[in-house]
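Spelled out from the first residue to the last, the chains are:
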Amino acid sequence: MVPVKVTIAVGRKTMALEDVQNQKVVSELRQAARDLGMRLVSAKCPFHAKGPVDVCLHFDASGTGNLKYESCCEKLGEAVAKLT
């Protein structure tokens, strides 16, 4: 599984998942991160044979998720897009 960091926008502040008090929200977002991490295991660049690193799933105040990660090149981005 690829490790996925989760952050959440609360008002104008961005919080790490560990700082969220609502355990139901924490549980659901941890599950989303695990699911994403499992899917990203198979994302590999066809040229460099590398996967995404420093993966972060950020949720804004409206609950919309945004995936950010470091990649070796555009081809890895295309591989990730097919899985998400």
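The paragraphs below set out a description of the structure included in this document. Because the structure is predicted, anything quoted here is derived from the model rather than measured.

### Observations regarding the environment of E18
Its location among the elements puts E18 in the loop between β2 (13–16) and α1 (23–40). The class for E18 is exposed, based on a relative accessible area of 62%. Between the C-alpha atom of E18 and that of H58, which follows or precedes it by 40 residues, the distance is 13 Å.

### Section: unusual backbone geometry
Note: most residues except glycine have negative phi, and most peptide bonds are trans. The backbone of A49 shows a phi angle near 55°, a positive value even though the residue is not glycine. Examined against the element boundaries, A49 turns out to sit in the loop between α1 and β3 (53–59). Take A49: its relative accessible area is 59%, and that puts it in the exposed class. Phi is positive for D54, which is not a glycine, with a value near 50°. You can see D54 is positioned in strand β3.

### Considering the pairing of strand β1 (residues 4–10)
Counting buried residues along β1, five of its seven residues qualify, which places the element largely inside the surrounding structure. Of the pairings in the sheet, the one linking β1 to β3 comprises five bridges and is parallel in character. Its bridge partner being in β3, T7 is matched across the sheet by H58. By the bridge criterion, four bridges tie β1 to β2 in an arrangement that is antiparallel. Across the sheet, V10 pairs through a bridge with K13, a residue of β2.

### Quick notes on the nonpolar core
Ranked by internal contacts, the top residues of the largest apolar core, which has 19 residues, are V6 and L40. Elements supplying a minimum of two residues to this core: β1, α1, β3 and α2 (74–83). Discounting residues that sit within four places of it in the chain, L40 has contacts with V2, P52, V55, V80 and T84.

### A short note on α2
Taken together, the buried positions of α2 are occupied by L76, G77, A79 and V80. End-on view of α2: buried residues confined to an arc of 160°, all on one side of the axis. Exposed residues pointing more than 90 degrees away from the buried face of α2 are listed as E74 and K82. Buried-residue contacts for α2 involve α1 and β4 (65–70).

### Here we look at the pattern of salt bridges
For the structure on display, the rule yields one salt bridge. For E78, the salt bridge is made with K75, and the minimal N-O distance between the two is 3.5 Å. Of the two residues, E78 and K75 both sit in helix α2, three residues apart, roughly one turn of that helix. Classification of E78 as partly exposed rests on a relative accessible area of 34%. Judged by its relative accessible area of 35%, K75 falls in the partly exposed class.

Reading guide: rules and limits
Numbers given for residues are sequential positions, taken from 1 along each chain in its written order. Thresholds applied to this predicted model are a pLDDT of at least 70 for local features of residues and 80 or more for the giving and counting of side-chain atom pairs; totals over whole chains, interfaces and linings are not thresholded and use all residues. Side-chain measures were taken over the full set of non-hydrogen atoms in the model, leaving aside hydrogen atoms and water. By definition, any uninterrupted DSSP run of H or I lasting at least four residues is a helix, any uninterrupted run of E lasting at least two residues is a strand, and each is numbered from the N terminus. The rule is simple: take the accessible area with a 1.4 Å probe, protein chains only, and divide by the maximum for that residue type; under 20% is buried, over 50% is exposed, in between is partly exposed. Two strands form a pair only when DSSP identifies at least two bridges running between them. Buried residues of nine kinds, namely Ala, Val, Leu, Ile, Met, Phe, Trp, Tyr and Cys, make up a nonpolar core once their side-chain atoms join them within 4.5 Å. Whether two residues are in contact is decided by their heavy atoms, any of which lying within 4.5 Å being enough. For this quantity, the arc is that covered by the directions from the helix axis to the C-beta atoms. The salt bridge criterion pairs a side-chain nitrogen of Lys or Arg with a carboxyl oxygen of Asp or Glu, the two atoms within 4 Å.

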